[in-house]
Each structure stands twice: as structure tokens, then as C-alpha cells.
Amino acid sequence: MKIAVFGANGGIGRWVVKYALERDYDVIACVRRMPSKPLGASDKLRVVVVNTEDKEKMEGILRDRHAVINCIGVSMRPFHEDKAAVHANSDIIWFFVTFGGK
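Residue numbering note: each chain is counted from 1, following its sequence as written. Given that the model is predicted, a residue must reach a pLDDT of at least 70 before its local features are reported, and side-chain atom pairs must reach 80 or more before they are shown or counted; all residues, however, enter totals for whole chains, interfaces and linings. Hydrogens are left out, water is left out, and the side-chain values use all remaining heavy atoms of the structure.

S.K.: Hey, could you go over the pairing of strand β2 (residues 26-31) for me, with residue numbers and the actual values?
M.R.: For every residue, the accessible area (1.4 Å probe, protein chains only) is compared with the maximum for its type, and the residue is labelled buried under 20%, exposed over 50%, or partly exposed between those bounds. In DSSP terms, a helix is any run of H or I states spanning at least four residues, a strand is any run of E spanning at least two, and both are numbered starting from the N terminus. Among the 6 residues that make up β2, 5 are buried, leaving the element largely enclosed by the rest of the structure. Convention used here: a crossover is right-handed provided that the path from the first strand, over the helix, to the second strand proceeds clockwise when the strands point away from the viewer. Traced from strand β1 (residues 2-6) through helix α1 (residues 11-22) to β2, the parallel crossover comes out right-handed. Here β2 pairs with strand β3 (residues 45-49) via 5 bridges, running parallel. Residue pairing in the sheet places C30 in a bridge with V48 of β3. Strand pairing follows a simple DSSP-based rule, namely that at least 2 bridges must link the two strands.

Structure (C-alpha cells):
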């Protein structure tokens, strides 16, 4: 199975990547910035720095994926509007419906 994991550098995202690799999935780990600690050691893992508003990059990531797992977190700071995470979630859904879902 070929999957894309958004928010792969966070706590839940790292767990999802680890779980998927243990099951021999082909994983594209999508992150905002390159992780300081490796996400895993596998030839089935590709880490990609991506802005979800980058249409060309998103299309390339999602074109042949069977599934997308979104682990992008929303800020827990009180009274903080995390518009970037909300927009990222809607971008991921739109791109996957348009280009992914094989």
C-alpha cells in the first residue's frame, strides 16, 4: 500500500510512519521542515518538505497514493487561531480527492 502521512514529524505522525513501515507500506512523510531526528530507516520511506498550498508538489505526492493520513495538529495555545492548520487540512482533502485515491 502507498500512503502519504502529513504532520509526520509530530508525535502521532511519527507513530503512524513507524507503524506503516512495520507493515511494509510505501510511505511519503510530509513535513513543514526537515526533522532533526530520523523518522525511520527504510527504502520505503521518503521524507518531503511541503507547503500544502504548493499545487505542483502536492499533486506529485498524492498522484499514486492509495491513502492519506493527516496528523497535522492544531495549536493548543489558548485563544490562538491556527488558520494555517485549518487551511492545510482543507488543501489535503481537495488535493487527495482531485489527484489521489488510487
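There's more to say after this.
S.K.: Can you tell me about the packing of aromatic side chains, naming the residues and giving the values?
M.R.: Between 30 and 60 degrees the pair is tilted, below 30 it is stacked and above 60 it is edge-to-face, where a pair is any two Phe, Tyr or Trp rings, Trp via its six-membered ring, whose centres lie within 6.5 Å. Under the counting rule described, the total for this entry stands at 1 aromatic pair. With a centroid separation of 5.1 Å and 20 degrees between ring planes, the pair formed by W15 and Y19 is classed as stacked. Highlighted residues: W15 and Y19, both in helix α1, separated by 4 residues, approximately one helical turn. Placement of a charge over a ring requires the Lys NZ or Arg CZ to be within 6 Å of the ring centre, with the centre-to-atom vector within 35 degrees of the ring normal. Here the guanidinium or amino end of R23 rests over the ring plane of Y19, the centre of that ring lying 3.4 Å away.

S.K.: With reference to specific residues and values, describe the sheet that holds β1.
M.R.: Sheet strands line up and pair through hydrogen bonds in the backbone, either parallel or antiparallel. An order of β3-β2-β1-β4 is seen for the 4 strands of this open sheet, with the pairing classed as parallel. Among the strands making up the open sheet, the edge pair consists of β3 and β4 (67-70). On average, each strand axis in the sheet is tilted by 20 degrees relative to the strand beside it, whichever way the strands run. The pairing of β1 with β4 spans 4 bridges and is parallel. Looking at the pairing, V5 lines up with I69 of β4. Throughout, a contact is declared for two residues whenever any of their heavy atoms are within 4.5 Å. Think of each axis as a best-fit line through the C-alpha atoms, taken over the contacting stretch in the case of a helix, with angles from 0 to 180 degrees between the N-to-C directions. Running at roughly 140 degrees to β1, helix α2 (residues 55-62) makes contact with β1, β2, β3 and β4 of the sheet.

S.K.: Give me the pattern of salt bridges: which residues, what numbers.
M.R.: The working definition used for a salt bridge is a side-chain nitrogen of Lys or Arg within 4 Å of a carboxyl oxygen of Asp or Glu. Applying the stated criterion to the full structure yields 7 salt bridges. As a salt-bridge pair, K2 and D64 come within 3.3 Å of each other at their nearest N and O atoms. Taken as a pair, K2 in strand β1 and D64 in the loop between α2 and β4 lie far apart in primary sequence, 62 residues in all. When its relative accessible area of 30% is taken as the criterion, K2 is described as partly exposed.

S.K.: Before we move on, could you go through α2 and cite the residues and values that matter?
M.R.: Of the residues making up α2, those classed as buried are M58, I61 and L62. Viewed end-on, α2 has its buried residues packed into an arc of 85 degrees, placing them on one side of the element. The directions from the helix axis to the C-beta atoms form the arc being described.

Purely geometric numbers; function is a separate question.
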